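One-letter residues, chain by chain:
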Amino acid sequence: VPAGHRFGADVALLGYTVEPAQPQPGELVTVTLYWQGERPLAQNATVFVHALNDSGEMVAQSDSQPVRGTYPLTIWPPGAIIADAHQFNWPADGRLAQLAVGLYDPSTLARWPVTNPDNTPNPDGQAVLPAARPSADG
């Protein structure tokens, strides 16, 4: 699914996948984020993926350095697309409306600024994405 958000001046979230595409309650899901650093990056960050219910409450999360702690931002080759998988259990009640994705400084916990695809800043420091695609019949 295309995303188009920018984090700081030099990192783009190109898109993401949610597998399985139609998760069942309690099922382990994998959200893979597709990042691109546009220049050599001087600062590392922790990635967060928050699963939000339809009331905006966080019901699951995954926080880690990119690629399960094996590929920090400072070694990303400029222009390379980085696949970064995060896992959590789908909420037991099955209700999950959105994913909130972002980067933060691991020492200060300050979130990186986010620019939405329409070039507006996101004041919450997160990209808000649909959690699942609608089914073919609805």
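Residues numbered from 1 in each chain as written. Predicted model: local features only at pLDDT ≥ 70, side-chain atom pairs only at ≥ 80, totals over all residues. Heavy atoms only, no water.

Enquirer: Sorry, what's going on with the overall build of the protein chain here?
Expert: Across its full length, the protein chain carries 1 helix and 10 strands. Taken from N to C terminus, the helices and strands of the protein chain fall in the order β-β-β-β-β-α-β-β-β-β-β. Over its C-alpha atoms the protein chain spans a radius of gyration of 15 Å, differing by no more than 12% from the 14 Å that the globule rule assigns to 138 residues. Taking the principal axes of its C-alpha atoms as reference, the protein chain extends roughly 45 × 30 × 30 Å. When burial is assessed residue by residue, the protein chain has 43% of its 138 residues classed as buried. Expressed as a percentage of contacts within the protein chain between residues at least 6 apart in sequence, the contacts between residues at least 24 apart total 65%. Averaging the coordinates of the 6 positive side-chain charges in the protein chain and doing the same for the 13 negative ones gives two points 5 Å apart. (Helix = DSSP H or I, 4+ residues; strand = E, 2+ residues; numbered from the N terminus. Rg over C-alpha atoms; globule rule 2.2 N^0.38 Å. Buried < 20%, exposed > 50% of the residue type's maximum accessible area, 1.4 Å probe, protein only. Contact = heavy atoms within 4.5 Å. Lys, Arg positive; Asp, Glu negative; His and termini not counted. Charge placed at Lys NZ, Arg CZ, Asp CG, Glu CD.)

Enquirer: So what exactly am I meant to see when it comes to the nonpolar core here?
Expert: Note that soluble globular proteins tend to have their nonpolar side chains buried in a common cluster. Judged by nonpolar contacts, the single largest core of 30 residues is most densely connected at Trp35, Phe88 and Leu99. Those elements giving two or more residues to this core turn out to be strand S1 (2-7), strand S2 (11-19), strand S3 (28-37), strand S4 (46-52), strand S6 (81-89), strand S7 (98-104) and strand S10 (127-130). Ignoring anything within four residues of it in the chain, the contact list for Leu99 reads Tyr16, Val18, Val31, Val49, His50, Ala51, Phe88, Ala127, Val128, Leu129, Pro130 and Ala131. (Core = buried A, V, L, I, M, F, W, Y, C linked by side-chain atoms within 4.5 Å.)

Enquirer: Any chance you could explain the pairing of strand S5 (residues 58-64) here in plain terms?
Expert: Looking down a regular strand, the side chains alternate between one sheet face and the other. Sheet topology note: the S4/S5 ladder contains 6 bridges and is antiparallel. Bridge pairing links Val47 to Ser64 in S5. Counted along the chain from S4 to the antiparallel partner S5, the turn is 5 residues long, and its residue Gly56 has a positive phi close to 85°. (Pairing = 2+ DSSP bridges.)

Enquirer: For this particular structure, what's the right way to read the packing of aromatic side chains?
Expert: Aromatic rings in a pair are described by how distant their centres are and how their planes are angled relative to each other. The full count for this structure, using the stated rule, is 2 aromatic pairs. Both rings, one in Phe7 and one in Trp35, keep their centres 5.1 Å apart while their planes meet at 75°; by these two values the pair is edge-to-face. You can see Phe7 sitting in strand S1 and its partner Trp35 sitting in strand S3, a full 28 residues away along the chain. Neither Phe7 nor Trp35 differs from the other in exposure class; each is buried. (Phe/Tyr/Trp six-rings, centres within 6.5 Å; stacked < 30°, edge-to-face > 60°.)

Enquirer: Looking at this structure, how should I read the confidence of the model for the protein chain?
Expert: Reading predicted coordinates in detail is not appropriate for stretches of low pLDDT. On average, residues of the protein chain score 90 in pLDDT, and 94% of them reach the 70 mark or higher. Mean pLDDT values over the elements of the protein chain span from 92, in S10, up to 98, in strand S8 (residues 114-115). Contacts from residues 134-138, a stretch scored under 50 in pLDDT, to residues over four places away or in other chains number 2 contacts. (pLDDT = per-residue confidence, 0-100.)

Enquirer: Could you clarify how one ought to interpret the sheet that holds S7 in this entry?
Expert: Sheet strands line up and pair through hydrogen bonds in the backbone, either parallel or antiparallel. One open sheet accounts for 4 strands, arranged S5-S4-S7-S10; its pairing is antiparallel. A single partner strand is all that each edge strand has here, and the edge strands are S5 and S10. Neighbour to neighbour, the strand axes of the sheet diverge by 20° on average, direction disregarded. Sheet analysis places S4 next to S7, joined by 7 bridges and oriented antiparallel. Residue Val49 lies in a different strand from S7, and its bridge partner there is Val101. (Axes fitted to C-alpha atoms, helices over the stretch in contact; angles between N-to-C directions.)

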